[in-house]
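Residues per chain, in single letters:
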Amino acid sequence: MDNRAIRPEGWQLFPHSYIGYKLFNSLFLGLSVGTIFTIYKPLDPSVYSLGGILLALAMLAIAQLYGRIMTLPWFFRISLFVELVVLAMVLWFLARPYTWLTAMLVYAGYQVTFSFGSYLVRAETLALDDDELLRRVDSAKQIGYLIGMGGSWLFYKLLEHRGITTPEAKVYDLHWLLLGCEVVIIFLLVRSFGRGSR
């Protein structure tokens, strides 16, 4: 067995759906990148220091599990877990915006997703294992991010045109767009993995 490869364990990754998933995943990132500065306002700066320590410890712990989780089923499960955490954060924010608890939960949620970042990058590279496919995926990521950044700028300008000018109101309205985007992300992720051909 090639120890460099991710173990399929009877699963497949379907490139067409996966490329769409990465496009929308990066689109979400591009749309949301400016929102955290408004959402995190209630937090004390010391939270970020503690959060950074916990993140490093979590990433260290996850790295020790690579021998077990470098499989396609685990790659899918962890990817889906991360997206469900993001969906929960968006829904919580829409239900209870701009409280200390919401800021703390959103920060904690992002730290949880970041803790799997190194694993997901390595698993993706091993699972794709093809220069052309890697090029297409990385291109989709950059295109999605650029569209998301441009889309968020345009969305904020449209809100200003409608008389919505406070950062808090803009970020709240943007989360409805993020909610729709995250639903598409989860749909495409589920379509990206499975048994048999598609």
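Note that this is a predicted model, so its numbers are computed, not measured.

Student: Just give me the short version of the pattern of salt bridges, but keep the residues and values in it.
Tutor: Tallying each qualifying case throughout the model produces seven salt bridges. In this structure, Glu124 and Lys22 form a salt bridge, with 3.4 Å as the shortest nitrogen-oxygen distance. Taken as a pair, Glu124 in helix α7 (residues 117-128) and Lys22 in helix α1 (residues 15-32) lie far apart in primary sequence, 102 residues in all. Exposure remark for Lys22: the relative accessible area of 12% places this residue in the buried category. The salt bridge involving Glu168 is made with Lys41; its shortest N-O contact spans 3.4 Å.

Student: An account of helix α3 (residues 45-63) is needed here, citing residue identities and associated values.
Tutor: Taking 1.5 Å of rise per residue, 19 residues should cover 27 Å, and α3 covers 28 Å from first to last C-alpha, within 8% of that figure. What α3 keeps buried is the set Val47, Gly51, Leu55 and Ile62. Around the axis of α3, the buried residues are gathered within 70° of arc, so they sit on the same side. Every exposed residue of α3 that faces more than 90 degrees away from the buried side is listed here: Ser49, Leu50, Ile53, Leu57 and Leu60. Of the surrounding elements, those touching the buried residues of α3 are α4 (66-69), α6 (100-115) and α7.

Student: Explain unusual backbone geometry to me, using residue names and the numbers behind them.
Tutor: One non-glycine residue with positive phi stands out, namely Glu9, at about 50°. Locating Glu9 in the fold gives a position in the segment before β1 (12-13). At Tyr98, a residue that is not glycine, the phi angle is positive and equals roughly 60°. Along the chain, Tyr98 turns up in the loop between α5 (72-95) and α6.

Student: How would you summarise the packing of α1 against helix α9 (residues 167-192) if you had to cite specific residues and measurements?
Tutor: Contact geometry for α1 and α9: axes closest at 8 Å, N-to-C directions at 160°. The orientation of α1 with respect to α9, classified from their angle, is roughly antiparallel. The way α1 lies across α9 gives a crossing that is left-handed. Two secondary-structure elements touch here, α1 through Ser17, Tyr18, Gly20, Tyr21, Phe24, Asn25, Leu27, Phe28, Leu31 and Ser32 and α9 through Leu174, Leu177, Leu178, Cys181, Glu182, Val184, Ile185, Leu188, Leu189, Arg191 and Ser192. Tallied by class, the residues present in the contact of α1 with α9 amount to 14 nonpolar, five polar and two charged.

Student: Give me the packing of α1 against α5: which residues, what numbers.
Tutor: Their axes nearest at 14 Å, the elements α1 and α5 cross at an angle of 35°. Note that α1 runs across α5; the crossing there is left-handed. Together, Tyr18, Tyr21, Asn25 and Phe28 of α1 and Phe75, Ser79, Glu83, Val86 and Val90 of α5 make up the contact between the two elements. Split into classes, the residues belonging to the contact of α1 with α5 amount to six nonpolar, two polar and one charged.

Parameters and conventions
Residues numbered from 1 in each chain as written. Predicted model: local features only at pLDDT ≥ 70, side-chain atom pairs only at ≥ 80, totals over all residues. Heavy atoms only, no water. Salt bridge = Lys/Arg side-chain N within 4 Å of Asp/Glu carboxyl O. Helix = DSSP H or I, 4+ residues; strand = E, 2+ residues; numbered from the N terminus. Buried < 20%, exposed > 50% of the residue type's maximum accessible area, 1.4 Å probe, protein only. Expected span 1.5 Å × (residues − 1). Arc of directions from axis to C-beta. Contact = heavy atoms within 4.5 Å. Axes fitted to C-alpha atoms, helices over the stretch in contact; angles between N-to-C directions. Parallel < 35°, antiparallel > 145°, perpendicular 65-115°, else oblique. Left-handed = near helix turned anticlockwise from the far one by under 90°. Nonpolar A, V, L, I, M, F, W, Y, C, P; charged D, E, K, R; others polar.

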